[in-house]
Amino acid sequence: MNATVATSVFGVFMVVTVALGLLATRGRRKGKEGGGLAEWSVGGRSLGTVFIWVLMAGEGYTSFSYLGAAGWGYNYGAPVLYVVAYMSCGYAVGYVVGPMLWAYARRHGLVGITDMVAHRFGRPWLGALVAVLATVFLLPYIQLQITGMGVVVSTISYGTIGLNQAYFLAFAVTTGFVVVSGLRGSAWVSVLKDVLVIATLGFLAVYVPMHYFDGYGPFLDRLVAEKSEWLTFPGHGDSGLGQAWFITTSFLNSLTVVIFPTTVAGYLGAKNADVLRRNAMLLPAYNVLLFVPMLLGMAALFVVPGLVGAESNLALFKLVVDSLPAWTVGLVGVAAALSSIVPMAVFMLVIGTMWGRSVLSLVPRWERRQKDAAQVVVVVAGSLALLLTYTAPNTLVRLSLISYEGMAQLLPMVLLGLVWRRLTLLGAMSGLVVGVGVVCGFVFTENDPVWGVNAGIVALGANLAVALAVTYAGPRERDDRPDDEVLARDELGPVTRETEPGDGGRAGTGTVPGAGAGTGTGP
């Protein structure tokens, strides 16, 4: 009976989710601008403060928040607070970077970071290269969200729905609306998701301490008395996650999150730069919710002790299933599942956009059908992640170890390149190769953290040093375009739209006449 009630609640909300995603496109224009790639991939650049807020909060609040955050709290304790630290700092950085990227993309008709680097350096092939590299770093996130939702669904159904069926359900529901409605559909579903997340976590924050410990006072007293190791760095066990790791990881991730392709998709969906500034001020409030699964993970130490390995990720849900009625279990499961679906949809959409815009558009037959190509890639990328989840889950799990630290190596090429004209293509490429190589070397030899710090920050340091050295030592590239055409500015006034991509054309990504030698103008 419990399984029937919980899965029925879950099933109803999954139908509502797909319906919301499909209804998001209702009334949108079908012309080139309304139905083209810009409308599908960045919501026609028309989303207001509320939709941008829920969308970007949805990207940050994934299945990790219900599973991984509770699991880290259960296993280590204090080090998990790096999530709150880097996201809050990242929003502060985004206050400056978001409007700058939005204005640059709007002015030149761009739809993602692959477009931006291709335009900045005047090389369409560079956008394709970055798209391939970013896909390698993003695919593991799709697989992790599929796995996370599978675990949630199997748990809240009291084992009646197997993991394999739950994995396919995650893929089917997400693909069902993202192919049709794109970013706008993800924003609409994010509204439902955020209402449920705030309601369920708010309830659990009160219920669990009262039910199991008779209040926060007794719970925290017991935590300090019996599990004090979890409250200080480096946390429980020989984790190596000390203060230096915490600081370097928070710093690296706060920079990386602002150029993460999914974050940039949220930036570019805004109707104006002020929406992004307001959003950067409002988003940190959402981070308060992250303390709940972290704290409940430590509460589970007393209620369900002895969880090891992957089982520790179920710390929060074991508390829920153990003590709550089935319909409540179903609602909590829906909130957690939507925390997988929304970010997974944006990951799939971004991969599709990058390939449709920067890779397949280089093929003449696809150049005028970029949106169609992007939608095909969405299905292919999701199917590949699903297939590897079934057949070789460890392949993407190992890749996920370098995902964030690997994406960080794009920082010099994207951010430094957009504000400093002197950076050359050879310098940016050399730094990228060195940075990714160093990350892979440290992570795959199990030397992360290295010297007590995040290996990604060491790799980024090497990346930046090489990029600067090659730029200053090598030949200066000639680029006859004016600074306003090449560099990004945070424009406080209205931005004139020069080009707006539909299904065809690669605005601003053509090869620069005379590029390659000589001296350039500007800083």
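Residues numbered from 1 in each chain as written. Predicted model: local features only at pLDDT ≥ 70, side-chain atom pairs only at ≥ 80, totals over all residues. Heavy atoms only, no water.

Draft legend 1. Main features of unusual backbone geometry. Each neighbour pair has its own omega, and for Phe233 with Pro234 the value is 5°, a cis peptide bond. Among the secondary structure elements, Pro234 is positioned in the loop between α11 (216–226) and α12 (243–256). Cis geometry marks the peptide bond from Asp448 to Pro449, where omega comes out at 5°. Mapping Pro449 onto the fold places it in the loop between α22 (425–444) and α23 (455–473). The backbone phi angle of Asp214 is positive, close to 65°, even though this residue is not glycine. Residue Asp214 is classed as exposed on the basis of its relative accessible area of 65%. Non-glycine residue Glu446 carries a positive phi angle of around 60°. (Helix = DSSP H or I, 4+ residues; strand = E, 2+ residues; numbered from the N terminus. Buried < 20%, exposed > 50% of the residue type's maximum accessible area, 1.4 Å probe, protein only.)

Draft legend 2. Inspection of the pattern of salt bridges at higher detail. Counted by the stated rule, this structure contains 9 salt bridges. A salt bridge links Asp115 to Arg357; the nearest nitrogen and oxygen atoms lie 2.6 Å apart. Pair noted here: Asp115 is in helix α8 (residues 113–121) and Arg357 is in helix α17 (residues 326–359), with a separation of 242 residues, a long-range link. The class for Asp115 is buried, based on a relative accessible area of 1%. Here Arg421 and Asp483 are joined by a salt bridge, their closest N and O atoms 2.7 Å apart. In this pair, Arg421 sits in the loop between α21 (411–419) and α22 while Asp483 sits in helix α24 (residues 483–486), placing the two residues 62 residues apart along the sequence. Taken together, the shared-partner salt bridges connect Arg421, Asp479, Arg481 and Asp483 into one network. (Salt bridge = Lys/Arg side-chain N within 4 Å of Asp/Glu carboxyl O.)

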